[in-house]
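Analysis of the macromolecular model
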Amino acid sequence: MRASNIIFICILTIGCIYVQSISAFAQNSDTTLNSRKAVLPSDSVVLDSSLVKIDSTQLIKTDTTAKKSSDFEDKIVATAEDSTLYDAKQNIVHLYGKARVVYGDKTVDADYIRLDQRNNTIFAKGKIDSLGRFSGPAIFKDPSQGALTADSVYYNFKTSKGKIYQVYTEQEGGYITGGKVKKQEDNELHMKGVVYSTCSNPYPHQHFGIVITKGIATDRHIVTGPAYVVIEDVPLPIVLPFGFFPKPNRRASGIIFPQFGEDATLGFFLRDFGYYIGLNDYWDMTLKGGIYSKGSYEGNVASRYMKRYKYTGNLFFSYASRKYGIEGTPEYEHPQRDFNIRWSHSQNPNARPGTNFSASVNAGTSTYYRNNANGIMDFNQISQNNLNSSISYSKTWANTPFNLSTSLTHSQDLTRRTVSLGLPSLNFSMSTLNPFDKKDRVGEQKWYQRIAVGYNLTADNRLNTSDSMLFKRETLNKVQSGIRHNIPISMSSRILKYFQFSQNINYTENWYFQTIRKKYALAPTATGTKDSTSIDTIQGFRRAGEYSIGGGLSTKIYGMVNFKKGKLVAIRHVLTPNVGFSYRPDFSQDKYGYYDEFVYNQAGDRMKYSIFEGSLYGGPGGGRSAAINFGIDNNIEMKVRSTKDTTNNGIKKIPILQGLSLNGSYNFVADSFKLSTLSFSGRTFFTEKLGINFGGSLDPYVYQTSMRNGVMVGRRIDRYTWQNGNLPRLASFNFSFDYSLNSTTLGKNNKANNPPTPGGNNATLDRLNASELAQLQQISRDANAFVDFTVPWNFSFYYNFTYANSGINKTYSQTLSANGDFSLTPKWKVQFTTGYDFQMNKISATSFNIYRDLHCWDLSINWSPFGTYKYYGINLRVKSSILQDLKLSKRSGYQSFY
């Protein structure tokens, strides 16, 4: 370990102690300590000047007319599990074995307590048994100062002064041990020789801490004398001569220490240097930045806000300028600039019943995650191809069927570098009503009372462009606007007892504010001219309405085969056939006015087109449709006898096939290709840890191929494959399965070992204390920071196969990915992620994470040995959430050459 790193981490430690854990020395009423709950036994005695208890067996009554020998103003309740001895001459009570003394609102617990009524003092201490083990420590509780655990406590009830020896207390992730603390009557605490560390043991091991030789803590400030750093009980020559620190009752702002290092591409760096601003109890902000010796720089702003029972959220914005290459090259002179903005906001459902506002924003340049990893590798971020955002507001009117929602949306394809924005979108809907039904109806519904009517209005403003053109003025002229009205009318009934019959009429009307007109034009070329088409945009309101009618018939058919012997009890098959019809007129006819014609070549040939072509919702479809839709769904499962499963009379259901379906349609009025492609899909789960999915499509038409100018060409012809004695052509197919297994469940679903997630089970969260909630929030922010050492090993893998046949070319894709972890020892854990691409014949991104539990510290090693994003990182950090910045890191990012 370099000397500079040691000095840096020690300085950082001192900063964390005095800035972040400043309340640890004040022992205020918020202090949380390890204490036990004691219940007073029935033989407890009230000790005052007239009544005491001796050896738990004899009561002595003193002269109540004499002057009291004690100045206690409140009654004292004293108990002991072993014995109680009373010294009448000295007026001292000795309590042995789990002793407790309660005086007013103050409590003292210890293995031994000596109560001196004459001098108004109490002395409590623990004991050391024959094996040298310490037990029964003194625990002093005072509402004005909190609670303290120590080897021994001396306290004066009258003056409210006391001394505490070998103190042990926890303060927001830091621990104060050893030394002596003196309590004054004005609630001042005088400290001497105490040690502040991150280890929870009363006698810290793996010790890294600060020894405070002298100090005074009050409600408003802390004054310290000399303090020095120790590692493994070895003092270091790093001394803070004195310190004066205010202790405000709010968040404290302060400097964030930077990271130093070198990147082979960007040069030497000073990174993550900034300032933390505690704006108020509900809002804070962190400002960070970094510079590189070769001219690059970066900066970011992160803010969190929360108001209990109302809302919570966080905001992050980052900007970076990266200079690559050497000075004078185009890469250096034209730096690559990236930005990223993330915002999340959630509202408590009970804050404003009926309304909700939420936000989930992730937008930026397409190369941001690849160029700004800063050595922290996250393959999920680097490999993602899309960014999506949504800011939405919704309102539901109570006791009405109406709902309103509006949203701003963003979708970004990082590979194609395209952006789609919704600016904004509005939806107003009415839930389905039965207008002819009566609220006070008696008996079954009549056929007309089953008629259901709904309504939905959607208004959109959408912009599709590339990310490089997003902020150009001319881009705003490409915004598409439209309003869509949809009125569905439906009715369902049961016929012939076993068949469900449904009918529907659907009307849709689109409103647009511009249409297009096409006309023939000649485009100049190098050798002359060629046929071309010009498109003019016509401003003005136009409506486009269309309707369709349809119906469907479905039922279920059950079949079962029973077995009398063996473990197999039965096999059941559920067959769900369905058939439907639909009709839609030809809206390209001239009487509707939705289509127009234009000459598209010099020969005068004409072509029909929709004047709503390229619009937001498109125009009504051309061509008449009168089609039958058909499908069939299958579920097959078996029942077996199980000695392990005592529910359901020891019968266990095992699914064989779920959702094995085949669907298609036939259009009677189409000119050609009346039968659609046939799609099929299915899934199965043999165990709760093994899932299999498959699906694809079949083309029922013949595909003819031929050579033209040395190039293979093909086309579908209107002839079924079975007319040539062949089965339908497999046009596409996909197959995938995943499996997971660990040492404790062996394929069974073990939810008990899974840690609760924030926002999940509220009942579980309510049972957690403040420390456990802080750890859970840390896990939520950084899942890799949590390692479950109680599970010896975990393993899961995912396999995916896809096939596509265009008729000429056949393509395949086959990948396998795996991840897992295993414990080398109870303190060592290894995690891995890898994969293999069978088509590329290469291993995909692979990484190893090695963890070592150091009790109050964590050691982690992250390593990606090969591939485009190879890197390594070593981190040594404190587990304490309040001291999470206390760490030592060494990284080599994938930008670096090493």
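This report concerns the structure included in the present document.

Thresholds applied
Residues numbered from 1 in each chain as written. Predicted model: local features only at pLDDT ≥ 70, side-chain atom pairs only at ≥ 80, totals over all residues. Heavy atoms only, no water. Helix = DSSP H or I, 4+ residues; strand = E, 2+ residues; numbered from the N terminus. Buried < 20%, exposed > 50% of the residue type's maximum accessible area, 1.4 Å probe, protein only. Contact = heavy atoms within 4.5 Å. Salt bridge = Lys/Arg side-chain N within 4 Å of Asp/Glu carboxyl O. Phe/Tyr/Trp six-rings, centres within 6.5 Å; stacked < 30°, edge-to-face > 60°. Lys NZ or Arg CZ within 6 Å of the ring centre and 35° of its normal. Pairing = 2+ DSSP bridges.

Regarding unusual backbone geometry
Residues Leu 423 and Pro 424 are joined by a peptide bond in cis, for which omega reads -20°. The topology assignment puts Pro 424 in strand 31 (residues 418-433). For Arg 417, which is not a glycine, the phi torsion comes out positive at approximately 60°. Within the fold, Arg 417 resides in the loop between strand 30 (402-413) and strand 31. Positive phi, normally seen in glycine, also occurs at Asn 709, with a value near 55°. Tracing the sequence through the fold places Asn 709 in the loop between strand 44 (701-708) and strand 45 (711-720). Relative accessible area serves as the criterion here: at 77%, Asn 709 is assigned to the exposed category.

Some details on the side chain of Thr 576
Considering the arrangement of structural elements, one finds Thr 576 in strand 37 (residues 568-584). The buried category is assigned to Thr 576, whose relative accessible area is 17%. What Thr 576 contacts, discounting residues up to four positions off in sequence, is Thr 555, Lys 556, Gly 631, Ile 632 and Asp 633.

Some thoughts on the pattern of salt bridges
Evaluation of the coordinates by the stated rule reveals 16 salt bridges. Note that Asp 109 and Arg 100 form a salt bridge whose closest N and O atoms lie 2.7 Å from each other. Accessibility expressed as a relative area gives 2% for Asp 109, which makes it buried. Arg 100 gets classed as buried once you look at its relative accessible area, which sits at 10%. A salt bridge links Arg 322 to Glu 298, with the nearest nitrogen and oxygen atoms 2.6 Å apart. Residue Arg 322 is found in strand 26 (residues 311-322), and its partner Glu 298 is found in strand 25 (residues 297-307); the two are separated by 24 residues along the sequence. We note that Arg 322, like Glu 298, is buried. A single salt-bridge network, built from bridges that share partners, covers Asp 699, Arg 716 and Arg 729.

Things to note about the packing of aromatic side chains
For the structure shown, the criterion picks out 35 aromatic pairs. By the ring-pair criterion, three or more aromatic residues cluster together here, those being Tyr 512, Tyr 547, Phe 587, Tyr 592, Tyr 594, Phe 612 and Tyr 617. Stacked on the ring of Phe 269, the Lys or Arg Arg 271 has its end atom at 3.9 Å from the ring centre. Sitting above the plane of the Tyr 282 ring, Lys 307 keeps its charged end 5.7 Å from the centroid.

Side note on the pairing of strand 32 (residues 452-466)
For strand 31 and strand 32, the ladder comprises 12 bridges, and the chain directions are antiparallel. Across the sheet, Ser 425 pairs through a bridge with Asp 460, a residue of strand 32. Of the pairings in the sheet, the one linking strand 32 to strand 33 (residues 480-495) comprises nine bridges and is antiparallel in character. Residue pairing across strands places Asn 461 opposite Ser 481, the latter belonging to strand 33.

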